[in-house]
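Architecture at a glance
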Amino acid sequence: NEAQRAVKLERRFYLGTREVTNAEFRQFRASHRSGFILQQTLDLDRQPVVNVSWQDAAEYCNWLSAKEGLEPAYKSEGGRLLPVVPVTNGYRLPTEAEWEWAARGSGLRKYPWGDALPVPPGAGNFADARAQPLVPQVLPDYDDGQAATAPVGSFAANALGLFDLGGNVAEWTHDLYTVQPTSGAAAVDPVATGAGTLRVIRGSSWRHSAVTELRLAYRDYGDGKRNDLGFRIARYAQ
């Protein structure tokens, strides 16, 4: 599901430098709890919010838009929020193309830290030796200091000044999950829309240690909540 295609991003956009935290999300929904896994809390203020659906993330984005007088990026249809087409300048989740461009930082790196294994010290929050009681597979020679989620921005930013685009939590994107055919023609500011409930998830998390998931090209999808899945916000600049 990782067909390579040419993409052109022409419309300027903002992207959150960090994943949305529990404290930020609770300003919108005070009752939210990200929970625990065994004895590890996922619920501290500076930890990334998890156990949120795509719908929850879209509702948060619309709440932010309303606070700032921006046109909402999501509309209610059949009891669910769907992306407004064409895309507005309100707060939203990053498109998959925007997420990948931001995660690459510069060039076509294979991993968040570069092009080779093993994972270097301080590269991010992955399934390390401390996570062994929590997940079936770990990086036995890696220690990031956290068994589960880390406070956002705990590790070095990438070349664009963005944190945790690899590791910590995987992230919801704006796009409907599809498999696009390889094409020679560049898609301009692409967004996958249409009927369906599965949304694209990008990035590795604190649960991941396999080469497949650690790669920046890794694509996942879903429609439910996970304890290693959160989001960051985006919006067009004009």
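Anything mentioned here points back to the structure above.
Along each chain, residue indices are assigned from 1 in the same order as the chain's sequence is written. Note on the predicted model: pLDDT of at least 70 is required for a residue's local features to be given, and 80 or more for side-chain atom pairs to be given and counted; whole-chain, interface and lining totals, by contrast, use all residues. Water and hydrogen atoms were dropped before computing side-chain values, which therefore reflect all heavy atoms in the structure.

This part covers the overall build of the protein. Looking only at helices and strands, one finds four helices and twelve strands in the protein. Using C-alpha atoms as the atom set, the radius of gyration is obtained and then compared with a globule rule of 2.2 Å times the number of residues to the power 0.38. At 17 Å, the protein has a C-alpha radius of gyration in line with the 18 Å of a compact globule built from 238 residues. Total accessible area computed for the protein in this model is approximately 10,900 Å², and 51% of it derives from carbon and sulfur atoms. Neither His nor the chain ends contribute to the count of charged residues, in which Lys and Arg are positive and Asp and Glu negative. Working definition for charges: the position is that of NZ of Lys, CZ of Arg, CG of Asp or CD of Glu. Each charge sign in the protein was given a centre, from 26 positive and 27 negative side chains, and these centres are 3 Å apart. In this text, helices come from DSSP runs of H or I with a minimum length of four residues, and strands from runs of E with a minimum of two, each type numbered from the N-terminal end. Method for areas: the Shrake-Rupley scheme with a 1.4 Å probe, in which residue coverage is limited to the protein chains shown.

So, on to the pairing of strand β9 (residues 199-202). Accessibility here uses a 1.4 Å probe with only protein chains present; expressed as a share of the type maximum, an area under 20% marks a residue as buried, one over 50% as exposed, and anything in between as partly exposed. Of the two faces of β9, the one lined by Arg199 and Ile201 and the one lined by Val200 and Arg202 are each fully buried. If DSSP finds at least two bridges between two strands, the strands pair. Relative to β9, strand β7 (residues 170-176) is paired through three bridges, and the arrangement is antiparallel. Across the sheet, Leu176 pairs through a bridge with Arg199, a residue of β9. Of the strand pairs in this sheet, β9 and strand β10 (residues 219-222) are connected by four bridges, and their pairing is antiparallel. Within β10, the residue paired with Arg199 across the bridge is Gly222.

Now for the side chain of Asn227. Tracing the backbone through its elements, the reader meets Asn227 in the loop between β10 and β11 (229-230). On the basis of relative accessible area, Asn227 is assigned to the buried category, the value being 19%. Residue contacts are counted whenever heavy atoms from the two residues lie within 4.5 Å of one another. Leave out the neighbours within four places in its chain, and Asn227 touches Ile37, Leu42, Val50, Asn51, Trp206 and Arg207.

Now for the nonpolar core. Where a protein is soluble and globular, its nonpolar side chains tend to be buried together. Put simply, a nonpolar core is a bunch of buried Ala, Val, Leu, Ile, Met, Phe, Trp, Tyr and Cys residues held in one set by side-chain atoms that sit within 4.5 Å of each other. Of all hydrophobic cores here, the largest spans 22 residues; its most connected members are Tyr74, Leu93, Trp172, Phe231 and Ile233. Elements supplying a minimum of two residues to this core: α2 (54-67) and β7. Of the residues forming this core, the biggest block, six residues, is contributed by α2. Among the nonpolar cores identified, the runner-up in size contains twelve residues, and Val50, Ala131, Val135 and Ala147 belong to it.

What follows covers the pattern of salt bridges. Should a side-chain nitrogen of Lys or Arg be within 4 Å of a carboxyl oxygen of Asp or Glu, the pair is scored as a salt bridge. This model, assessed by the stated rule, comprises 18 salt bridges. Between Glu10 and Lys8 there is a salt bridge, with its nearest N and O atoms 3.8 Å apart. The exposure class of Glu10 is exposed, given its relative accessible area of 51%. Here the residues in one salt-bridge network are Glu96, Glu100, Arg104, Arg202 and Arg219, joined through shared partners.

Bringing the environment of Leu42 into the picture now. Positionally, Leu42 belongs in the loop between β4 (40-41) and α2. Setting aside its immediate chain neighbours within four residues, Leu42 contacts Asn22, Ser34, Gly35, Phe36, Ile37, Gln47, Pro48, Val50, Ala148, Thr149 and Asn227.

On to the packing of aromatic side chains, then. By convention, a stacked pair of Phe, Tyr or Trp rings (six-membered ring in the case of Trp) has centres within 6.5 Å and planes under 30 degrees apart, an edge-to-face pair has planes over 60 apart, and any other such pair is tilted. Summed over all chains, the structure comprises 13 aromatic pairs. With 5.9 Å between their ring centres and 80° between their planes, Phe28 and Tyr60 make a pair best called edge-to-face. One end of the pair, Phe28, is in helix α1 (residues 22-28); the other, Tyr60, is in helix α2, and 32 residues separate them in sequence. Owing to a relative accessible area of 21%, Phe28 belongs among the partly exposed residues under this scheme. An angle of 40° between the planes, with centres 5.6 Å apart, marks the rings of Tyr60 and Trp63 as tilted. One end of the pair, Tyr60, and the other, Trp63, are both in helix α2, three residues apart, so they sit about a helical turn from each other. Clustering of aromatic rings is evident, with ring pairs tying together Phe25, Phe28, Tyr60, Trp63 and Phe231. The aromatic ring of Tyr236 is capped on one face by Arg92, whose charged end is 4.3 Å from the ring centroid. Two conditions define a charge sitting above a ring: the NZ of Lys or the CZ of Arg must be within 6 Å of the ring centre, and it must be within 35 degrees of the ring normal.

The next subject is unusual backbone geometry. Cis peptide bonds are those with omega within 30 degrees of zero, and the linkage from Val85 to Pro86 qualifies with 0°. Even without being a glycine, Asn168 presents a positive backbone phi close to 70°. Its place among the elements puts Asn168 in the loop between α3 (96-104) and β7. When its relative accessible area of 0% is taken as the criterion, Asn168 is described as buried. At Asp189, a residue that is not glycine, the phi angle is positive and equals roughly 45°. Within the secondary structure, Asp189 is located in the loop between β8 (187-188) and β9.

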